[in-house]
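Understanding the architecture of this molecule
For reference, the chains in residue letters:
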Amino acid sequence: MKIITVAIITSYITTAFVSCGIEDYVYLYPVSAGNISVELNSEATIRLPAIDTNEYYYFSCFTIYYRIYISDSLQSGHIDEGIMSTLNPTLYSDYNAFLPYINSETTISTSIGTLFSNRNYRSLTLEGVTIDDVLSKDSLGKTIILDFPPTPGTIPGLIINDTWYNLRRSNGNGSFSPLPENRYFLNHPDLNSSVNASSTINADVANISTAAEVRYTYVSLYIVVTGIDSNFSPIYSTPAFIGILRLPDASV
């Protein structure tokens, strides 16, 4: 039996449908949790679903949301719910906020994009290319790998079709100015600095209250199927939790 997940549309569109007596449900299937695997905390593999774009013509791309968390704890293995609060209490709080929505089989009344932005999650970007193009219709049915090699100085990347793209952090379309300026996912002193974990500098980073001399950074990742409806408003599937990966140390 097919389970249909209803995507989110803005409230004024919903009101218009109801007032006209039209039951026009726009929906997108989420990425199944069974399509995602994580090796230790250094690599995530995601099999993207083969969505029929003739039927789901409003499909646009896959969007990956992330937030970075500073920690005083070094974890070398798989990171599950039981040790999230050990890494960073905010990580555990954010995870629990998203938990009711992850791979939900019910209608959700809030915008998934807003849900993530309210928790200071940002959309992943790539160096040199637009990630929406890389994860558009040509990516359907293919496998992507998010590779975070433990070797210091090795820039984490996204791999698809045997092509490597360097991962880059968001700058919120210019709303904040991340440090270091290269925006790579590397555990750099400018990235794990408490002073820089602000809304104007590293708005994608959650600080930790401890004053540990050695500071590590981890990234939490979710994937959402995104589309555009006939009113050019974004629509979303429910999110799937990818996992938590550790950022390699920068070579400084």
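Further up the page is the structure itself.
No experiment lies behind these values; they were computed from the predicted model shown.

Let's talk about the pairing of strand E3 (residues 59–71)
Along E3, 12 of the 13 residues are buried, which leaves the element largely enclosed by surrounding structure. Relative to strand E9 (residues 205–206), E3 runs parallel, the two sharing two bridges. From the neighbouring strand, Ile68 faces E9, where its bridge partner is Val205.

A closer look at the environment of Ala50
Inspection of the secondary structure assignment puts Ala50 in the loop between strand E2 (43–47) and E3. Distance from Ala50 to Leu140, taken between C-alpha atoms, is 4.8 Å for residues 90 residues apart in sequence. Beyond its immediate stretch of four places on either side in the chain, Ala50 contacts Leu140 and Gly141.

Details of the pattern of salt bridges
Any two side chains of opposite charge can pair, so long as their charged atoms come close to each other. Scanning all chains against the criterion turns up three salt bridges. For Asp94, the salt bridge goes to Arg67, with nearest N and O atoms at 2.8 Å. Of the two residues, Asp94 is situated in helix H3 (residues 89–98) and Arg67 in strand E3; the sequence distance between them amounts to 27 residues. The same class applies to Asp94 as to Arg67, namely buried.

Parameters at a glance
Residues numbered from 1 in each chain as written. Predicted model: local features only at pLDDT ≥ 70, side-chain atom pairs only at ≥ 80, totals over all residues. Heavy atoms only, no water. Buried < 20%, exposed > 50% of the residue type's maximum accessible area, 1.4 Å probe, protein only. Helix = DSSP H or I, 4+ residues; strand = E, 2+ residues; numbered from the N terminus. Pairing = 2+ DSSP bridges. Contact = heavy atoms within 4.5 Å. Salt bridge = Lys/Arg side-chain N within 4 Å of Asp/Glu carboxyl O.

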